[in-house]
2 protein chains.
Amino acid sequence: MRLTTYTDYALRTLMYLAVNRERLVTIQDIATLHTISKNHLTKVVHHLGQIGLVTTVRGRNGGLKLGAEPQDINIGALVRQTETDFHMAECFDREGNRCVFASNCVLEDTLGAATAAYLQVLDGVTLDKLVPATGRPSTVSDFQPMVFTSRPPAPR
Amino acid sequence: MRLTTYTDYALRTLMYLAVNRERLVTIQDIATLHTISKNHLTKVVHHLGQIGLVTTVRGRNGGLKLGAEPQDINIGALVRQTETDFHMAECFDREGNRCVFASNCVLEDTLGAATAAYLQVLDGVTLDKLVPATGRPSTVSDFQPMVFTSRPPAPR
């Protein structure tokens, strides 16, 4: 059971923006830092912009910044937006479900309850809880691009 | 976020065996009933045999039966066995993790807590709770191959 890479990148993008609030960030910054595809990340950032979590400042010195306060960005709500679905078994897929048990089975309810419990934990977490507290520069510095000095991007 | 098809098939296999305890079942029975790959199902059944949840009776009239009482088959324990992993983000992958946040981040703890909550729900469920109660043949009949009369296998 995994979350999608899409959600992983969305979380990392927001976390990076949350600890770099004093400056604008580019997609290239984040892509380079994580050695991930800029194209993939562009789609994620576009989506985050659509749902108001990222704001783009245009122009030569433009870039990205958080579209909301970290304490107002709920992780459960985010994951619901970025995951394609929570189809735990074929019975969750209304159109593609061919399971002959479907009409007389509590599996969907059971797995649905487990999924609800998963999301309930994330509903109790906001972005500020995922990153170092502001006002602690020595901790925040671990999130800066300086980490490249000790961990270069993996070769492609 | 999804469980694997492997887990889905494991659950359906055990549920089918649980409501057909008066007879031996073949892998072909289950594959035909669900119109799924017999090869894929064979791997699942082999795995279920290895962990003691399915017993194979050899011989001309042989087949499969449950290896334990339905009330003793815990769904949380099963899903832990059949899922490849619960890597919710790159930081869960000890060997492949390149996330530069890893050393100073509570994302893994947060997603780990959510996953634990998911599994905790399933830990409270046993196989007997997923299938119609025994002694109610009219309900059990919904699980019999007779459903083919109303829902033929999809064309391949």
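Residues numbered from 1 in each chain as written. Chains lettered and ligands numbered in written order. Predicted model: local features only at pLDDT ≥ 70, side-chain atom pairs only at ≥ 80, totals over all residues. Heavy atoms only, no water.

All names here are of chain A. Taken over all residues, the pLDDT of chain A has a mean of 80, while the share at 70 or more is 76%. A low-confidence stretch, residues 135–156 stays under pLDDT 50, and its non-local contacts, those more than four residues away or across chains, total 34 contacts. Quick note on the complex model: pTM equals 0.78, ipTM equals 0.77. (pLDDT = per-residue confidence, 0-100. Contact = heavy atoms within 4.5 Å.)

So, about the nonpolar core. Counting residues in hydrophobic clusters, the biggest one holds 84 residues, and the most contacted among them are L14, L111 and Y118 of chain A together with L14, L111 and Y118 of chain B. Not counting residues within four places of it along the chain, the set of residues in contact with Y118 of chain A comprises L3 of chain A together with M1, M88, L111, A114, T115, A117 and Y118 of chain B. (Core = buried A, V, L, I, M, F, W, Y, C linked by side-chain atoms within 4.5 Å. Buried < 20%, exposed > 50% of the residue type's maximum accessible area, 1.4 Å probe, protein only.)

Residue and element names in this part refer to chain B. With their axes 6 Å apart at the nearest point, helix α4 (residues 75–82) and helix α5 (residues 107–123) run at an angle of 130° to one another. With respect to α5, the axis of α4 lies oblique. Contact residues: α4 offers I75, G76, A77, V79 and R80, while α5 offers L119, L122 and D123. Tallied by class, the residues present in the contact of α4 with α5 amount to five nonpolar, one polar and two charged. (Axes fitted to C-alpha atoms, helices over the stretch in contact; angles between N-to-C directions. Helix = DSSP H or I, 4+ residues; strand = E, 2+ residues; numbered from the N terminus. Parallel < 35°, antiparallel > 145°, perpendicular 65-115°, else oblique. Nonpolar A, V, L, I, M, F, W, Y, C, P; charged D, E, K, R; others polar.)

The next thing to look at is the packing of helix α2 (residues 27–34) of chain B against helix α3 (residues 38–50) of chain B. All names here are of chain B. As a packed pair, α2 and α3 sit with axes 10 Å apart at the nearest point and diverge in direction by 130°. As the angle between them shows, α2 and α3 are arranged oblique. As for how α2 packs across α3, the hand of that crossing is right-handed. Between α2 and α3, the residues in contact are I27, Q28, I30 and A31 and K38, L41, T42 and V45, respectively. Split by residue class, the contact of α2 with α3 holds five nonpolar, two polar and one charged. (Left-handed = near helix turned anticlockwise from the far one by under 90°.)

All names here are of chain A. With respect to the element layout, R21 can be found in the loop between α1 (5–18) and α2 (27–34). For the pair R21 and G76, spaced 55 residues apart in sequence, the C-alpha separation works out to 22 Å. The residues touching R21, leaving out its near neighbours within four places in the chain, are L66, A68, E69 and P70. Polar side-chain contacts of R21 include one of 3.1 Å to the side chain of E69. (Polar contact = N/O pair within 3.5 Å; in protein donor to acceptor, adjacent residues only side chain to side chain.)

Residues and elements named next belong to chain A. Applying the stated rule across the entire model yields ten salt bridges over all chains. Put simply, D123 and R80 hold a salt bridge, and the shortest N to O gap is 2.7 Å. Of the two residues, D123 sits in helix α5 (residues 107–123) while R80 sits in helix α4 (residues 75–82), which places them 43 residues apart along the sequence. For D123, a relative accessible area of 34% corresponds to the partly exposed category. (Salt bridge = Lys/Arg side-chain N within 4 Å of Asp/Glu carboxyl O.)

In this fold, D8 of chain B is placed in helix α1 (residues 5–18). For D8 of chain B, a relative accessible area of 6% translates into the label buried. Those residues within four positions of D8 of chain B in sequence are excluded, and the remaining contacts are A89 and E90 of chain A.

For the rest of this paragraph, the subject is the pairing of strand β2 (residues 63–66) of chain B. All names here are of chain B. Here four bridges tie strand β1 (residues 54–57) to β2, and the two strands are oriented antiparallel to one another. Bridging across to β2, V54 finds its partner in L66. The antiparallel hairpin formed by β1 and β2 contains five residues in its connecting segment, where G59 sits at a positive phi of about 110°. (Pairing = 2+ DSSP bridges.)

With that settled, the discussion passes to the side chain of T110 of chain A. By secondary structure assignment, the location of T110 of chain A is in helix α5. T110 of chain A sits in the buried class, given a relative accessible area of 11%. Once residues within four sequence positions are removed from consideration, T110 of chain A is found in contact with V121, L122, V125 and L130 of chain B.

What follows covers α4 of chain A. Residues and elements named next belong to chain A. For α4, the full list of buried residues reads I75, G76, L78, V79 and T82. Along the axis of α4, the buried residues cluster in a sector spanning 160°; they form a single face. As for α4, its buried residues are in contact with α1, α3 (38–50), α5 and α6 (127–130). Two to three positions downstream of the cap, the backbone nitrogen of G76 sits 2.9 Å from a side-chain oxygen, assigning the N-cap of α4 to N74. (Arc of directions from axis to C-beta.)

The next thing to look at is α2 of chain A. All names here are of chain A. Considered for burial, the residues of α2 that qualify are I27, I30, A31, L33 and H34. The buried residues of α2 occupy one face: seen down the axis, they fall within an arc of 165°. In the core, the buried residues of α2 are packed alongside α1, α3 and β2 (63–66). Where α2 terminates, the next one or two residues include T35, which has phi positive at roughly 50°.

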